[in-house]
Amino acid sequence: MRLFYKLTVLIVLLWLLCGSRALAQEAKLEITGAELIKIPVAVPEFEGPLPLAREMADVMRQDLELHLVFNVLGEGLKLNETELFASLGVDWLISGEISLGARHLQAAFRLVDMVEGKTVLARGYRGPSSSARYMVHRFADLAINEMLGVPGVAMSRVVYVARHGWQDTLYVQDFDGYQRIALLKGELILHPRLSPDGRKVAFVYYENHRPSIQMIDLTTGKRRIICRFPGLNASPAWAPSGDKLVVTLSKDGSVDLYLINLNGKILKRLTHGEGVNTGASFSPDGREIAFVSDRTGSPQIYILNLATKGVRRLTFQGKYNTSPCWSPTGDRIVYASMKGGIFSIFTIDPEGGEPIQITDGTNSFEAPYFSPNGRLIMAQGKEGLYLLLANGATKRLYRPGKMLFPSWARMY
């Protein structure tokens, strides 16, 4: 009776969310469109010692759910209880076998194409039991690449600032929320940015009302000041090479962008006093930066070619556009635009054209940041940090509370 109840509930869910195998197949084609049809994936309980096997299966389900495009089924069911899923329109099945020895954990995972009826991906992992979550994350990213054609971001980390009254705390955590670590507390912490390899974080730190740009090495925990020039020190942005930053300084009398190395040495001044220039973001190839300037009267997004020093205006709609972030895939720039006192999130082609609004304008979202695979966006909202699909088709609350300035990078 218990099994019949579980299967009945699953059949109803599958009918409501999937409809048929035809719809499941269509889902693979529609995940980049304006209307989302989630891809059904079965993840039954993993075989192996409890509670570890159950915990690892839960991690796998959460990894998939956080990517926002999967309808994840199978919790509480054994592998042999999911064989009916192929006839119910489920596209994929992920199974796991866990064994735990005196010193090492071994895990074997498989991804099965339920439509074709064959295993398309299989991997085995061996390591200490403390690495269990990361074994799951690594396979999840490979499986997502197989299912979507782009790598997953389960093996990534996020930094952000939590604001409680008059005190800020800088946090880092794994993408799934595990290993949340408070790195630093202070009176004001702004614009943390993870390095491209995910091992360092640069940020603005205020002490006695004076700002500096600092860096913490996440491997060693060591913190140091990169630069503390007179006046404004703001908005660090990593070059793709990971050995340079673009920062906003006012030491020469105007608010401009400067290229510096990690010892704070100025390598080049990039803008020259045409309004306030700030908020840089590098293109993936490192040849251009998007930035914010009010040189034409209101904040707009501009593109600077670092080789030619040519500047072109990118945004022409909206009177207050800010916080550009270039997608790692290079094809879109996300930014926040204010209208009627509310910030909405837009994306635009770096070559220009019509921007696409991905939030509906009923709630305010700011400081958008692309995921390492370019398929998700994290942004701060009134209730906390949110995850959004890059096309705006769906969103979910990621971290509740007064959370600000998210940044995101892979773990290597």
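As a reminder, the structure under discussion sits directly above these lines.
This structure is a prediction, so every number in the text was calculated from the model and none was measured.

A. Structural context of the overall build of the protein. Check the secondary structure of the protein and you find four helices and 29 strands. Structurally, the protein occupies a C-alpha span of about 75 × 50 × 40 Å along its principal axes. In the protein, buried positions account for 52% of the 412 residues. For the protein, the accessible area works out to roughly 18800 Å², and carbon and sulfur atoms hold 51% of it. The protein carries 47 positive and 39 negative side-chain charges, and their two centres are separated by 7 Å.

B. Quick peek at the pairing of strand S29 (residues 403–410). Taking burial as the measure, the eight residues of S29 include eight buried ones, the bulk of the element. Relative to S29, strand S6 (residues 156–164) runs antiparallel, the two being bridged by six bridges. Bridge pairing in S29 places Arg157 opposite Ala409.

C. Region of the structure containing the packing of aromatic side chains. Summed over all chains, the structure comprises ten aromatic pairs. The interplanar angle of 50 degrees and the centroid separation of 6.0 Å between the aromatic rings of Phe109 and Tyr125 together place this pair among those described as tilted. Of this pair, Phe109 sits in strand S4 (residues 105–113) while Tyr125 sits in strand S5 (residues 118–127); the two residues are 16 residues apart in sequence, bridging distant segments of the chain. Just as Phe109 is buried, Tyr125 falls in that class too. With centroids separated by 5.8 Å and ring planes inclined at 20 degrees, the aromatic side chains of Phe175 and Tyr398 adopt a geometry described as stacked. One end of the pair, Phe175, is in the loop between strand S7 (167–174) and strand S8 (181–186); the other, Tyr398, is in strand S28 (residues 395–400), and 223 residues separate them in sequence. Of the residues examined, Phe175 reaches a relative accessible area of 1% and is grouped as buried. Since its relative accessible area comes to 12%, Tyr398 is described here as buried. In this structure an aromatic cluster arises from ring pairing among Phe46, Phe109, Tyr125 and Phe139.

D. Expanded view of the sheet that holds strand S16 (residues 266–269). Pairing is antiparallel across the open sheet formed by four strands, whose spatial order is S13-S14-S15-S16. One side of each edge strand has no neighbouring strand; the edge strands of this open sheet are strand S13 (233–238) and S16. Mean inter-strand twist for the sheet, computed between neighbouring axes without regard to direction, equals 30 degrees. As judged from the three bridges shared by strand S15 (residues 256–261) and S16, these two strands associate in the antiparallel manner. The residue bridging Leu259 from the neighbouring strand is Lys268, located in S16.

E. Seen up close, the packing of helix H3 (residues 52–65) against helix H4 (residues 132–148). Put simply, H3 and H4 touch, their axes get as near as 9 Å, and they point 40 degrees apart. Between H3 and H4, the crossing angle belongs to the class labelled oblique. Remark: the crossing between H3 and H4 carries right-handed chirality. Listed contacts from H4 to Leu52, Met56, Val59, Met60, Gln62, Asp63 and Leu64 of H3 are Ala132, Arg133, Val136, His137, Phe139, Ala140, Ile144 and Met147. Split into classes, the residues belonging to the contact of H3 with H4 amount to eleven nonpolar, two polar and two charged.

Conventions and cut-offs
- Residues numbered from 1 in each chain as written.
- Predicted model: local features only at pLDDT ≥ 70, side-chain atom pairs only at ≥ 80, totals over all residues.
- Heavy atoms only, no water.
- Helix = DSSP H or I, 4+ residues; strand = E, 2+ residues; numbered from the N terminus.
- Buried < 20%, exposed > 50% of the residue type's maximum accessible area, 1.4 Å probe, protein only.
- Areas by Shrake-Rupley, 256 points an atom, 1.4 Å probe, with all protein chains shown as cover.
- Lys, Arg positive; Asp, Glu negative; His and termini not counted.
- Charge placed at Lys NZ, Arg CZ, Asp CG, Glu CD.
- Pairing = 2+ DSSP bridges.
- Phe/Tyr/Trp six-rings, centres within 6.5 Å; stacked < 30°, edge-to-face > 60°.
- Axes fitted to C-alpha atoms, helices over the stretch in contact; angles between N-to-C directions.
- Parallel < 35°, antiparallel > 145°, perpendicular 65-115°, else oblique.
- Left-handed = near helix turned anticlockwise from the far one by under 90°.
- Contact = heavy atoms within 4.5 Å.
- Nonpolar A, V, L, I, M, F, W, Y, C, P; charged D, E, K, R; others polar.

These figures come from the coordinates and say nothing about function on their own.
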